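# Descriptive analysis of the structure
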There are 6 protein chains.
Amino acid sequence: MTERFDGRRPDQLRQVRFTRNWLDHAEGSVLVEFGKTRVLVAASVTEGVPRWLKGQGKGWVTAEYEMLPRSTHTRSDRESRKGKVGGRTHEISRLIGRALRAVIDYEALGENTIVIDCDVLQADGGTRTASITGAYVALADAVSFLRGRGALKGEPLKGSVAAISVGVVDGLAVLDLPYEEDSAAEVDMNIVMTGDGKLIEVQGTAEGEPFDRAVMDQLLDLGAVGCAELTRLQAEALAR
Amino acid sequence: MTERFDGRRPDQLRQVRFTRNWLDHAEGSVLVEFGKTRVLVAASVTEGVPRWLKGQGKGWVTAEYEMLPRSTHTRSDRESRKGKVGGRTHEISRLIGRALRAVIDYEALGENTIVIDCDVLQADGGTRTASITGAYVALADAVSFLRGRGALKGEPLKGSVAAISVGVVDGLAVLDLPYEEDSAAEVDMNIVMTGDGKLIEVQGTAEGEPFDRAVMDQLLDLGAVGCAELTRLQAEALAR
Amino acid sequence: MTERFDGRRPDQLRQVRFTRNWLDHAEGSVLVEFGKTRVLVAASVTEGVPRWLKGQGKGWVTAEYEMLPRSTHTRSDRESRKGKVGGRTHEISRLIGRALRAVIDYEALGENTIVIDCDVLQADGGTRTASITGAYVALADAVSFLRGRGALKGEPLKGSVAAISVGVVDGLAVLDLPYEEDSAAEVDMNIVMTGDGKLIEVQGTAEGEPFDRAVMDQLLDLGAVGCAELTRLQAEALAR
Amino acid sequence: MTERFDGRRPDQLRQVRFTRNWLDHAEGSVLVEFGKTRVLVAASVTEGVPRWLKGQGKGWVTAEYEMLPRSTHTRSDRESRKGKVGGRTHEISRLIGRALRAVIDYEALGENTIVIDCDVLQADGGTRTASITGAYVALADAVSFLRGRGALKGEPLKGSVAAISVGVVDGLAVLDLPYEEDSAAEVDMNIVMTGDGKLIEVQGTAEGEPFDRAVMDQLLDLGAVGCAELTRLQAEALAR
Amino acid sequence: MTERFDGRRPDQLRQVRFTRNWLDHAEGSVLVEFGKTRVLVAASVTEGVPRWLKGQGKGWVTAEYEMLPRSTHTRSDRESRKGKVGGRTHEISRLIGRALRAVIDYEALGENTIVIDCDVLQADGGTRTASITGAYVALADAVSFLRGRGALKGEPLKGSVAAISVGVVDGLAVLDLPYEEDSAAEVDMNIVMTGDGKLIEVQGTAEGEPFDRAVMDQLLDLGAVGCAELTRLQAEALAR
Amino acid sequence: MTERFDGRRPDQLRQVRFTRNWLDHAEGSVLVEFGKTRVLVAASVTEGVPRWLKGQGKGWVTAEYEMLPRSTHTRSDRESRKGKVGGRTHEISRLIGRALRAVIDYEALGENTIVIDCDVLQADGGTRTASITGAYVALADAVSFLRGRGALKGEPLKGSVAAISVGVVDGLAVLDLPYEEDSAAEVDMNIVMTGDGKLIEVQGTAEGEPFDRAVMDQLLDLGAVGCAELTRLQAEALAR
């Protein structure tokens, strides 16, 4: 059987860990780890909604993603110092927001806003998938916080969300790529799914040669395996 | 059979038109139209490459996308006036660049840079797919320009690229969505393929309910049909 | 008689063309061409006025000008990417706004705002004068749109506006300078006039040697000829 | 005879004062006053030229204009705090630079750069014309400084420059408008001339009704009177 | 006795001058000079307070500091052109604001805002201390202006404020350092005190070697001497 | 004896913890905790120095400080999204840099650059002092890394640095203020000292009433106690 450089099976996740309530102030927070990738997710609840939503009885969920300058192998400049947010940062922030919004019932949330901050403390591949997967956990805690205060109009979570990367490395379809695999991948795909196995988002890119439909199918299968396992781990963490 | 609001079949493209050499100064240019969506694509050739690439004998291709303020139904503020480029603009610029780079042989291009500017003059859905599809035509003309000057080291185009949107509207999988369908779509997907039917990029999002694998498969099929037809129209335009 | 490089007489305009309703969404739009200079002008109507004008029963007209990156002979960077709008862009935007406001009756316009966007698709000298001349046509169409909706309190257009460049090239006073003449001009002047021959704006600059009053007078005469001809062409276009 | 609100004749300047060497560090400096308008002009000399000019044996002169926040009747926000320079500021900076460059021989200046900073300490109309008029004095002192160091290749000043505002107020053509007149003017014009009476720049705008050629001519006459008087005062100041 | 390069005693201020009402429009203004350091301070009064303070019956005082580009020995770029305010500028603006707020009774001020602008026209060390010392004078005049209009609810000035720099140069503790001493200082400290000798702010930094407590004490003593003398001079100026 | 709200003695630190090597990629890193205040410090080593230092055989150390949006009790906007770095952030970044540079021998460091990033994960008062105290530990590890590679020219650390806040709360001088005390403090002071008890920086501010010299002395004494204890804990951590 083809072996991966870190000894994992092709369809095996890295060690995944959720440390809930890592922060004292945030209404929901989790330190999520996918191997060496470490993302601090904070869910901040505020009463009320942005102006353009006012008076409709609906809530709002949004997300921001950013990497600390030395989360990477070599230091990157801070976007605050550059005075503008880069394209990749924007793109991932938008992806996380879309992923979460797919399972939110805004009516049930009432006129409350939840902002999810995903700050990458250490990056080793899969920062956007770890962010989404952790964000669901922090979001669930923030929703519990609102429920405890009697501030909800129903159950705002219609399901759970998890995300995983899949790709083709040296011709082999693999799950949950660390930096070493990611930087060598021929195809790179991120898959976001609900806890009951439906697709929310699929983003696949040929990094080298364009790929055919069979590879596409294989990667979708692999992603389903990974998301199912993450869903199980999320449930476990939230049950603690 | 289910009919679309504009009378098209589910697997039918809007009228697609390429007007090459729409600009007098640019080394390659095309006004590409997908129905009412109208994008002006200019390919600018410059000798030399960005500093970080110098001395490696390779070329560089990059892309920028932007919408004119009144391309849309209601006017949007200019990003130059806001002092920053929005997330969506960044994201699409990056997508176009990746799509083109998938068929470029940088060694063959030599130390030349081609910048592709996609400016949306009128938007009616599918601006990113029209941009990519038109960009390939402008790129091909820019490559011909370089060939005419004897500035190439080989054939830099390893294939052609086309892109199309697919989606689910009122439960029906459809091809090439105009604004009316796009804004009502349950699932929205953009597919970028090579002329020989391989995938370069797949970006699918559940706008409403998460979708299952069968829908995913159906949309991939539809996208393949659309890209094949666009490939034929690109070839026709380039043969004129 | 002294001949110009493109065979025109000193007091002859380039071929001027107005293609009205070039856009489907905008309340007024025109593709204006002065020879190879091509500007897309969109007039966007919105009900209401900026906050500082509210409740006075008056309207507002403003303009923005920008060049596409590859409108020029060699590509320029986008101002949105640079994060700031250049001095020349600001200056021309302000000039266009002033020119239009000189013929607007704000009371008659009612509390409506019209934003004029002038986007230079191709630049071959005279982009600001083509913008102003086209802007009047788009503005007239936007006013008709408002009239059709019964949203006016009177006739907001007190007259028409046209603009033309004049200059001294190789000692010869000439009208409507393309890039080749513009870049070699000793004196460069832009003249904005009403349809009945009054001056709205005169901006003349010695690019090389300072010039005397006789040259000033000659250029003002030439500008009057050009604006009168443009006024005729605008009327013709609006009559179609 | 028609009287002006401050008792001046129509063709009379306000009290003009030049205090040279107002700064200790700058190579040339002057506090220029046109009535209550007070502009501090500093000319900074540096060896060498911007990169794009290097190795051509020519010098460079550029100018920046800015208003202190409380130079005006009511305080304005700082452009540094707004994070961008306004259109008017850009426009005037460019105008001052063009005005000075019209009398500079870059070859004679050698590879030296002179930056002219015009900071408006108090504004009462005519800040751009006071800036240009004062800038010439500071420039002349900076040139003397370079001459003293033997850093010139010839005489870089081909002439002198002065500027004045003219306008029509209550139907009367007047010279050198303070704020009260400026804000009520029907026509507003700035005229930049050389010491020997040639025109460098003419910028006239109808603030209210468009104006006819006879008014244009009258204002040009008035401007010539004002610039001639300013030229005399500059010479006097430089002779001290 | 150890002599300073300019002949002053270690505990002697440079010549300090206050020229009140240097500006015609500002409600309070002073040109303050500490030797060659020259700062123009303007106090601008506006009715009302920032939104977050409304309805509490309290006023607001804030300050902005900036250096003209050629205030320094060699020209610095304008922060407005750089598009952002530097760290040092921010820091000093905040310091001036804090210093003034320490002697303000916001209740007595009523719902009025006073903005203090400190613009350094020429810098020769001690620009922040001259700014604070001058700012108090301009503030006092602005308060008188409000008093004259009957807009106060009591006496908003609980005391006066002055500031001075102290430092160790060549092992000698000295008062009021000009640039030559400042740039060579081993320890650099700014002390802000009330007119009755209390401390508002102490900011000391080892520029070279860390310093011991005895030096700290000596500098605090020296600062008290300087602030007392400045308090006397402020009172004198305000009595004129 | 007067008791503090958390039971500490006036001269007692909160629980201080250093977790070294919290990051896998950084050459030095520490998670430093002062009670609930938690700062992640990363020291990044790069060969070479900024351009303006090149060829002098000296190294460079600089620091950046930033707070995560939800480090605080209520969420703050990201400075990267606001497009500019706030005054407080700038000020603290500069303070940390100065503090470290006071103990660095740049000659011994050789032409190497160390960038210290202090990212506040959770804020409960004293974030700048925790940052400085942790930064020394990360810096020491980065220096060890350079020593291990033989990249040093001597011992670049001339001593150690620690920092602590002191203040007056309800009339009582206290050490190491958490948010509750900090927000109620009458006087707030930050003291930076070397391991051998010398002062590097003193920054004291009257938040309410100005304070007298006796209070100043008492706070300096208290700061010395705190810094001595932190020096001991740093040494212990570095010995592990």
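Note that the structure is predicted; figures quoted are calculated from it, not measured. Every chain's residues receive numbers from 1 upward, in the order its sequence appears when written. A letter from A marks each chain and a number from 1 marks each ligand, given out in the order of writing. Only residues with pLDDT of 70 or above have their local features reported here, since the model is predicted, and side-chain atom pairs are shown and tallied only from 80 upward, although totals for entire chains, interfaces and linings are computed over all residues. To obtain the side-chain values, all non-hydrogen atoms of the structure were included, while hydrogens and water were left out.

Turning our attention to the packing of aromatic side chains. Note on aromatic contacts: the rings of Phe and Tyr and the six-membered ring of Trp form a pair at centre separations within 6.5 Å, being stacked when their planes are under 30 degrees apart, edge-to-face when over 60 apart, and tilted otherwise. Per the counting criterion, the structure on display carries 15 aromatic pairs over all chains. Ring centres of Trp52(E) and Trp60(E) lie 5.0 Å apart, and the angle between their planes is 80°; on these two criteria the pair is classed as edge-to-face. Ring geometry for Trp60(E) versus Tyr106(E): centroids 5.8 Å apart, planes at 35°, classification tilted. Of this pair, Trp60(E) sits in strand β4 (residues 60–67) while Tyr106(E) is found in helix α3 (residues 106–109), placing the two residues 46 residues apart along the sequence. With respect to class, Trp60(E) is no different from Tyr106(E); both count as buried. Among the aromatic side chains, those forming a connected cluster through ring pairs are Trp52(A), Trp60(A) and Tyr106(A). A cation over a ring is seen here: Arg38(C) above Trp22(B), with NZ or CZ 4.6 Å from the ring centre. Helix and strand assignments follow DSSP, with helices taken as H or I runs no shorter than four residues and strands as E runs no shorter than two, numbered in order from the N terminus. Three labels apply to residues, based on accessible area from a 1.4 Å probe with only protein chains included: buried if under 20% of the type maximum, exposed if over 50%, partly exposed otherwise in between. In this scheme, Lys NZ or Arg CZ marks a charge over a ring once it lies within 6 Å of the ring centre and within 35 degrees of the ring normal.

In this section: the sheet that holds strand β4 (residues 60–67) of chain A. Residues and elements named next belong to chain A. Pairing is mixed in the open sheet, where five strands are placed in the order β1-β2-β3-β5-β4. One side of each edge strand has no neighbouring strand; the edge strands of this open sheet are β1 (16–20) and β4. Taken pair by pair, the neighbouring strands of this sheet meet at an average axis angle of 15°, ignoring direction. At least two DSSP bridges between two strands are needed for those strands to be called paired. One ladder, built from eight bridges, connects β4 with strand β5 (residues 112–122); its direction is parallel. In the sheet register, alanine 63 faces β5, and the bridge partner there is isoleucine 116. In this description, a line fitted to the C-alpha atoms serves as the axis of each element, helices being fitted only across the stretch in contact, and the angle between N-to-C directions of two axes falls anywhere from 0 to 180 degrees.

Okay, the pairing of strand β3 (residues 37–47) of chain E next. Residues and elements named next belong to chain E. Counting buried residues in β3 gives nine out of eleven residues, a clear majority hidden from the surface. Taken together, the seven bridges between strand β2 (residues 28–34) and β3 define a ladder with antiparallel strand orientation. Residue pairing for β3: glycine 28 is matched across the bridge by alanine 43.

Two residues qualify as a contact provided that any one of their heavy atoms is within 4.5 Å of a heavy atom in the partner residue. In this complex, chain A contributes 38 residues to the contact, which on the side of chain F involves 38 residues. A 1.4 Å probe defines the accessible area here, and the buried area is the portion of it lost by two parts on being joined, summed over both. Between chain A and chain F, a total of about 3200 Å² is buried, with carbon and sulfur atoms accounting for 48% of that surface. Together, His25(A), Arg70(A) and Arg81(A) form the three largest contributors to the area buried by chain A at its contact with chain F, with a combined 24%. Salt bridges are identified by distance alone: a Lys or Arg side-chain nitrogen within 4 Å of an Asp or Glu carboxyl oxygen. At the junction of chain A and chain F, the tally comes to 20 salt bridges. For the salt bridge of Asp24(F) with Arg38(A), the shortest nitrogen-to-oxygen distance reads 3.6 Å. Counting of polar contacts relies on pairs of N or O atoms within 3.5 Å, with two restrictions inside protein: one atom must be capable of donating a hydrogen and the other of accepting it, and residues adjacent in sequence are counted only when both atoms are side-chain atoms. Where chain A packs against chain F, one counts 30 residue pairs in polar contact (both at pLDDT 80 or more). Only β3 (37–47), β4, α1 (79–82), α2 (87–101) and β5 of chain A provide two or more residues apiece to the side of chain A that touches chain F.

Moving on, we get to the pattern of salt bridges. Residues and elements named next belong to chain C. Evaluation of the coordinates by the stated rule reveals 174 salt bridges over all chains. Linking arginine 20 and aspartate 141 is a salt bridge whose minimum nitrogen-to-oxygen distance equals 2.8 Å. With arginine 20 in strand β1 (residues 16–20) and aspartate 141 in helix α4 (residues 127–148), this pair connects stretches of sequence that are 121 residues apart. On the basis of relative accessible area, arginine 20 is assigned to the partly exposed category, the value being 22%.

Turning our eyes to something else, we now look at the interface of chain F and chain E. Reports often express the size of an interface as the amount of accessible area lost when the parts come together. Every contact between the two is made by 29 residues of chain F and, on the other side, 29 residues of chain E. For the chain F and chain E pair, buried surface summed over both sides reaches about 2600 Å², with 51% attributable to carbon and sulfur atoms. Summed over the three residues of chain F that lose the most area to chain E, namely Glu91(F), Leu199(F) and Arg213(F), the buried surface amounts to 22% of that side. The interface formed by chain F and chain E holds eight salt bridges in total. Residue Glu209(E) pairs with Lys158(F) through a salt bridge whose shortest N-O separation is 3.9 Å. In this structure, the connection of chain F to chain E is made through 14 residue pairs in polar contact (both at pLDDT 80 or more). Every element with two or more residues in the side of chain F that touches chain E is listed here: α2 (87–101), β9 (199–206) and α6 (213–239) of chain F.

Turning our eyes to something else, we now look at unusual backbone geometry. Here the phi dihedral of Asn21(C) falls at roughly 55°; this positive angle occurs in a residue that is not glycine. Examined against the element boundaries, Asn21(C) turns out to sit in the loop between β1 and β2 (28–34). Exposure remark for Asn21(C): the relative accessible area of 53% places this residue in the exposed category. If you check the backbone angles, Asp170(D) has positive phi at about 50° while not being a glycine. As for its placement among the helices and strands, Asp170(D) is situated in the loop between β6 (161–169) and β7 (172–175). Note on Asp170(D): relative accessible area 75%, which makes it exposed.

Right, let's get into the UniProt feature "domain: Exoribonuclease phosphorolytic" (unreviewed entry) in chain A. Mapped onto this numbering, the UniProt entry gives "domain: Exoribonuclease phosphorolytic" (unreviewed entry) at residues 12–142 and 160–224 of chain A. Secondary structure over residues 160–224 of chain A splits into 25% helix and 45% strand, and the C-alpha atoms at its two ends are 14 Å apart. UniProt positions are given in the numbering used here, feature names are shortened, and annotations may be inferred rather than shown by experiment.

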